[in-house]
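Chain residues, written in single-letter form:
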Amino acid sequence: MSKSATRDAASEKEVVSYDLPDGGWGWCVVLGATIYTLLIPMIGSCFGILFYDPLIEMGANSTLTAWIFNINNLVVNFSMPLSGALAKEFGFRTVGFISAIIVSISLVLSAFVSSPGYFILCFSILQGIGGGMAMTCAFLMPPQYFDKRFGTAQSTVCMGISVGQLIAPPFIRYLQIEYGFKCATIIIGGIMLNCCVGASLYQPAEWHWKNKVTRLLPKPQPPSTSPRKASLFMSTEVLPGVGSLVTGINDPRDVEVENEYCNDSRICRVLIEVGRNMLRSITVLKIPKIVIICLCGAISFNSLINFYVFIPFALESAGYSLSDGATCISVGGLGALVTRIIMVPISDRPWFNHRIVYSSGNVIMAVSSLGFTFIGNIWLKYAMMIVFGIGLAMNSTFYICIMLKYGGRDNITEVNGASGICVGTGFIILGPLLGMIRDASGSYVLALCIVSGLLFLPVLLFLLMPKPQEEEEEEKEEEEEQQFDKTNA
């Protein structure tokens, strides 16, 4: 599929048409992104195992634990606009290197945790910034290289999450048993530096464009809109319905404003771009289908991640060991890994319906988490976690595919930012609420039942989802062709 990019000059607009590589160096980029998804997310899925000892020593209840963990996820998601602005100014490779170093430093500092405030500063905030930057780059790089084979690339990148979830819990427990909490956490912090190897593979997509053609066209007369107002919104070429909004990224008047107030300072440009990204992300929430996507993502990710956090503590309160909790998380990763391996060769087939697979994942997670809550046998709990991992893989793998399908490839950064805002806001609301419910009831059963119920909600919301724009255009073309044939007949 042919793409285009524009660069403005004084009186002419340079239009670059190109085809995405759909392979080649793109597979190296997928490898680099997979290294990130292998290492970074395992901190969240193993939070209850990694920091179990210091949380118990501090006497942290479920509410405080939920605040520490969910503030981290809030920062992760709200750092997405920052990541996009930094990547635009300095490149994905540079941002990837910086994010890996930040995550490593945060874990080393967290090894010496002594109070909740110190924990929130070193882990929740510092690791949240680094982790958010790292995962944003990991998921935004492949769409720049792949079009028709993007489903395969995305499934491969997400396999790293499953592998990390499979091997991390027993590995972390081994380190803690052999070296204690502090040394184990410092070792894990050092392992995070391997992400720098992945960042080294993030070459700019422009280096690998195919059939690149550059044309100079007369620059159109800019609309009579306030320059400051124009800079707030995104292009609506793919997302109709926002009104006659114009993009501020390539508006020459914005360049004048930047030069006037920033004197070409790169830091100032980044801050302006962060503000634009935030405002553009908020703007797309005016579109109903984007709101539905973001709400589905917020509910799903908040529920499944808090479910993983509760597992070690819920099992410990029921008389099981921390190693049993680690095994539950690990076998969940096994189920997700096998599912993603199966989906890699079929995800780009014409008959593969991302919407049905995504919604089915929610149903599977809801049913299996409910079964996990009430089943007493540990082996049956393992089985429920394998099923939960299958649903997780079906749901989370194709979330970005849903965003691409309904939001458009040209607007993926804005839609991803809007999703980050909704998911992050959900973490700061739902997570502490679940913790307070657990403390008030004195049991994890009620909190886990609420999680199961929430996982059903995205299925209901998707029933309200309109058809993707591409399908509507195809149906319209078919109707016009049929009408034309009838007229000629």
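Worth saying up front: this structure is predicted, and the values here are computed from it rather than measured. (Residues numbered from 1 in each chain as written. Predicted model: local features only at pLDDT ≥ 70, side-chain atom pairs only at ≥ 80, totals over all residues. Heavy atoms only, no water.)

Time to look at helix 5 (residues 62-78). For helix 5, which comprises 17 residues, the first-to-last C-alpha distance of 24 Å matches the rise-based estimate of 24 Å (1.5 Å per residue) to within 8%. Of all the 17 residues making up helix 5, 13 are buried; the element is thus mostly covered by neighbouring parts of the structure. Here helix 5 starts with a cap whose side-chain oxygen sits 3.3 Å from the backbone nitrogen of Thr63, and that cap is Asn61. (Helix = DSSP H or I, 4+ residues; strand = E, 2+ residues; numbered from the N terminus. Expected span 1.5 Å × (residues − 1). Buried < 20%, exposed > 50% of the residue type's maximum accessible area, 1.4 Å probe, protein only. Polar contact = N/O pair within 3.5 Å; in protein donor to acceptor, adjacent residues only side chain to side chain.)

Under the definition given, this model contains 22 aromatic pairs. Taking 5.1 Å as the distance between ring centres and 65° as the angle between the ring planes, the aromatic pair formed by Phe51 and Phe123 counts as edge-to-face. Taken together, the positions of Phe51 in the loop between helix 3 (47-50) and helix 4 (52-57) and Phe123 in helix 8 (residues 116-140) put the pair 72 residues apart, joining distant regions of the chain. Take Phe51 and Phe123: they sit in the same class, and that class is buried. Ring geometry for Tyr308 against Phe388: centres 5.7 Å apart, planes inclined by 80°, an arrangement best described as edge-to-face. Of this pair, Tyr308 sits in helix 14 (residues 288-317) while Phe388 is found in helix 17 (residues 378-397), placing the two residues 80 residues apart along the sequence. Given a relative accessible area of 4%, Tyr308 falls into the buried group. You can call Phe388 buried: its relative accessible area is 0%. Grouping aromatic residues by their ring pairs yields a cluster made of Phe47, Phe51, Phe69, Phe119, Phe123 and Phe181. (Phe/Tyr/Trp six-rings, centres within 6.5 Å; stacked < 30°, edge-to-face > 60°.)

This part takes up a nonpolar patch on the surface. Taken together, the side chains of Ile101, Ile105, Leu109 and Leu193 present a nonpolar region at the surface, about 310 Å² in accessible area. With relative accessibility at 39%, the residue Leu193 sits in the partly exposed group. (Patch = residues over 30% accessible without salt bridge, like charges linked within 9 Å, V, L, I, M, F, W, Y side chains within 5 Å. Areas by Shrake-Rupley, 256 points an atom, 1.4 Å probe, with all protein chains shown as cover. Salt bridge = Lys/Arg side-chain N within 4 Å of Asp/Glu carboxyl O.)

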